[in-house]
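Residues per chain, in single letters:
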Amino acid sequence: MSAEAPAPPVRTDGPDPALPLSGVTVVSLEQAVAAPFATRQLADLGARVIKVERPDGGDFARRYDTTVRGESSYFVWLNRSKESITLDLKSARGREIAARLLGRADVFVQNLAPGAIGRLGLDPASLARRFPALIACSITGYGATGPWADRKAYDLLVQCQTGLVALTGSADAPARVGISIADIAAGMYAYSGILTALFTRATTGVARTVDVSLFEALAEWMHQPAYYTAHTGSQPPRMGVRHATIAPYGTYTAKDGEGVLISVQNEREWAALCRHFLERPGLVEDPRFATGSARVAHRDALDAILAERFRALDGARAAELLDAAGVAHAPVNDMRQFLGHPVLDARRRWRDVPLPGGGTVRALIPPADLSGVTARMGAVPALGEHTDRILAELGHGAAERDALRADGVV
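Here the structure is a predicted model, which means the values were calculated and not measured.

Draft legend 1. Representation of the overall build of the protein within the structure. Per the secondary structure count, the protein includes 18 helices and 11 strands. Buried positions account for 46% of the 410 residues belonging to the protein. Accessible surface, the protein as shown: approximately 20,100 Å² in total, 55% of it carbon and sulfur.

This is the structure:
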């Protein structure tokens, strides 16, 4: 990761009245990716997010790996700006403390295994009776109702169920998407659903529940290939880094071995590519390549022409000519190149976030810039780090806190 200009100071904990969600309290009973991704975005914008974790290890994402100075890369990514309290919710005293927290909260978010939230008496219907002003958000695998309501779902399972894996990879073999895309999709919809529910409550007084499933979140993103399949009778083929329905769209190897991806989206760009990059203006009138559909149908011939041209140029010269033609292109970066990306450095997108064991890790600021707002980017909490402070706020004295800890309630 390359160096950057000094960043302006940011708050690392505590409320900030300048942040848009300051004054909103979120209690989360969350694990893994989807719910923590939703609540982290709320926390960065000023919400107080109290993460309830099991005393015997907490969120299991804490132990996915130990790559970030002893901390899990997943947990560090998803849990900054939050507070952590440990509670044994199987105990009556633990559930009583949780209820007192919820009585002070605006939002409750959970993504426990199927049936677990009902056994704790924290299902949306029960919460609505006890806390009518509380917005309850549940993230499930396949929906809170329906034939698969009790089925567990993990990211790759959902990628398979929605057909995404069947579309990803090469002609020889399917492949998973390399990030937790179903979890991220569900977290994004939970985040937007919570914001909508907060707005609705502010304008109407009605607290609505939010229900998001991993399957239905990713299913929404599958509409284009689904339409294509429904109306052609066959699904888009797996094309690696090429595009099933647009050409030219893929990677080519320059003389120096650099991979360059290009994308031509319309006839104007195609004409510019022919004139300024290929230096073959006559190709514009070639009936094999005159339309987008024709170029897809004659992709092999088109790829051969492009491959020959790229072999005559090194990567830097190819980029210059593509820029002059106004054709979108990119090198095929690895993760080290991404970490040092000049756009992220020039736009000062990295900030230091404190880690539980000391030191900091650099993190990207949230991508939605709000004018006049600096995201909180607070510390990643240690397990139970804020337990005593939160219990004290609820009126538990030092002796009582010690007793709760001795009994394994916290």
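Draft legend 2. View of the pairing of strand S5 (residues 135-140). Burial analysis of S5 places six of its six residues in the buried class, which makes it a mostly covered element. Neither face of S5 is exposed, since Ile135, Cys137 and Ile139 on one face and Ala136, Ser138 and Thr140 on the opposite face are all buried. With four bridges connecting them, strand S4 (residues 107-110) and S5 associate as parallel partners. Within S5, the position partnered with glutamine 110 by the bridge is serine 138.

Draft legend 3. Region of the structure containing unusual backbone geometry. Residue proline 248 is reached from alanine 247 by a cis peptide bond, and omega for that bond is -5 degrees. Within the secondary structure, proline 248 sits in the loop between helix H10 (223-232) and strand S7 (249-253). Even without glycine at this site, arginine 69 takes up a positive phi of about 50 degrees. Within the secondary structure, arginine 69 is located in the loop between strand S2 (48-53) and helix H2 (73-78). The class of arginine 69 is exposed, set by a relative accessible area of 63%.

Draft legend 4. Main features of the environment of glutamine 337. Following the sequence through the fold, glutamine 337 ends up in helix H15 (residues 335-339). With 25 residues separating them along the chain, glutamine 337 and alanine 312 place their C-alpha atoms 25 Å apart. One polar contact links the side chain of glutamine 337 to the main-chain amide nitrogen of aspartate 334, over a distance of 2.8 Å.

Draft legend 5. Layout of the packing of helix H11 (residues 267-277) against helix H13 (residues 299-311). It is at 12 Å that the axes of H11 and H13 come closest, and there the two elements cross at 40 degrees. Viewed along their axes, H11 and H13 form a crossing whose handedness is left-handed. Packed against H11, whose contacting residues are Trp270, Leu273 and Phe277, the element H13 presents Leu302, Leu306, Arg309 and Phe310 at the interface. Here the contact of H11 with H13 is built from residues that sort into six nonpolar, no polar and one charged.

Draft legend 6. Quick look at the nonpolar core. Of all hydrophobic cores here, the largest spans 36 residues; its most connected members are Val26 and Ile139. Broken down by secondary-structure element, the contributors of at least two residues to this core are helix H1 (34-44), S4, S5, helix H8 (181-204), strand S6 (210-213) and helix H9 (214-221). Per element, the largest residue contribution to this core is nine residues, and it comes from H8. Sequence-distant contacts of valine 26, that is, excluding residues within four places in its chain, are made with Thr39, Leu42, Ala47, Arg48, Val49, Ile50, Val107 and Val109. Core analysis: the next-biggest nonpolar cluster, separate from the first, contains 28 residues, Ile50, Leu102, Phe108 and Leu122 among them.

Draft legend 7. Fine view of H1. Along H1, 11 of the 11 residues are buried, which leaves the element largely enclosed by surrounding structure. Every buried residue belonging to H1 is among Ala34, Ala35, Pro36, Phe37, Ala38, Thr39, Arg40, Gln41, Leu42, Ala43 and Asp44, and all of these are buried.

Draft legend 8. Broad picture of the sheet that holds strand S3 (residues 82-86). If you trace the six strands from one edge of the open sheet to the other, you get S3-S2-S1-S4-S5-S6, paired in parallel fashion. Looking along the sheet, the strands with just one partner apiece sit at the ends: S3 and S6. Shown here is a sheet whose adjacent strand axes are inclined to one another by a mean of 20 degrees, direction ignored. Each of strand S1 (25-29), S2, S3, S4 and S5 touches H1; the most contacted strand, S3, lies at about 130 degrees to it.

Draft legend 9. Structural view of a nonpolar patch on the surface. A contiguous nonpolar patch, built from Met335, Phe338 and Leu364 and spanning about 260 Å² of accessible area, is present on the exposed surface. With respect to the secondary-structure elements, leucine 364 resides in strand S11 (residues 360-364). The exposure class of leucine 364 is partly exposed, given its relative accessible area of 30%.

Draft legend 10. Examining the packing of aromatic side chains more closely. Counting across every chain of the model gives nine aromatic pairs. Centroid distance tyrosine 74 to tryptophan 77: 6.5 Å. Interplanar angle 55 degrees. Geometry classified as tilted. Here tryptophan 77 and tyrosine 74 lie together in helix H2, a separation of three residues that amounts to about one turn. The partly exposed category is assigned to tyrosine 74, whose relative accessible area is 30%. Look at tryptophan 270 and phenylalanine 289: their rings are 5.9 Å apart centre to centre, the planes differ by 65 degrees, and that puts the pair in the edge-to-face class. Of this pair, tryptophan 270 sits in helix H11 while phenylalanine 289 sits in the loop between H11 and helix H12 (292-297), and the two are 19 residues apart along the sequence. Each member of the aromatic cluster is reached from another via a ring pair, and the members are Phe37, Phe60, Tyr64, Tyr74 and Trp77. The lysine or arginine in question, arginine 151, covers the ring of tryptophan 148, its NZ or CZ lying 3.7 Å from the ring centre. Of note, arginine 309 hangs over the ring of phenylalanine 277, and the distance from its end group to the ring centre comes to 5.7 Å.

Calculation rules
- Residues numbered from 1 in each chain as written.
- Predicted model: local features only at pLDDT ≥ 70, side-chain atom pairs only at ≥ 80, totals over all residues.
- Heavy atoms only, no water.
- Helix = DSSP H or I, 4+ residues; strand = E, 2+ residues; numbered from the N terminus.
- Buried < 20%, exposed > 50% of the residue type's maximum accessible area, 1.4 Å probe, protein only.
- Areas by Shrake-Rupley, 256 points an atom, 1.4 Å probe, with all protein chains shown as cover.
- Pairing = 2+ DSSP bridges.
- Polar contact = N/O pair within 3.5 Å; in protein donor to acceptor, adjacent residues only side chain to side chain.
- Axes fitted to C-alpha atoms, helices over the stretch in contact; angles between N-to-C directions.
- Left-handed = near helix turned anticlockwise from the far one by under 90°.
- Contact = heavy atoms within 4.5 Å.
- Nonpolar A, V, L, I, M, F, W, Y, C, P; charged D, E, K, R; others polar.
- Core = buried A, V, L, I, M, F, W, Y, C linked by side-chain atoms within 4.5 Å.
- Patch = residues over 30% accessible without salt bridge, like charges linked within 9 Å, V, L, I, M, F, W, Y side chains within 5 Å.
- Salt bridge = Lys/Arg side-chain N within 4 Å of Asp/Glu carboxyl O.
- Phe/Tyr/Trp six-rings, centres within 6.5 Å; stacked < 30°, edge-to-face > 60°.
- Lys NZ or Arg CZ within 6 Å of the ring centre and 35° of its normal.

Bear in mind that shape data such as this cannot, by itself, settle questions of function.
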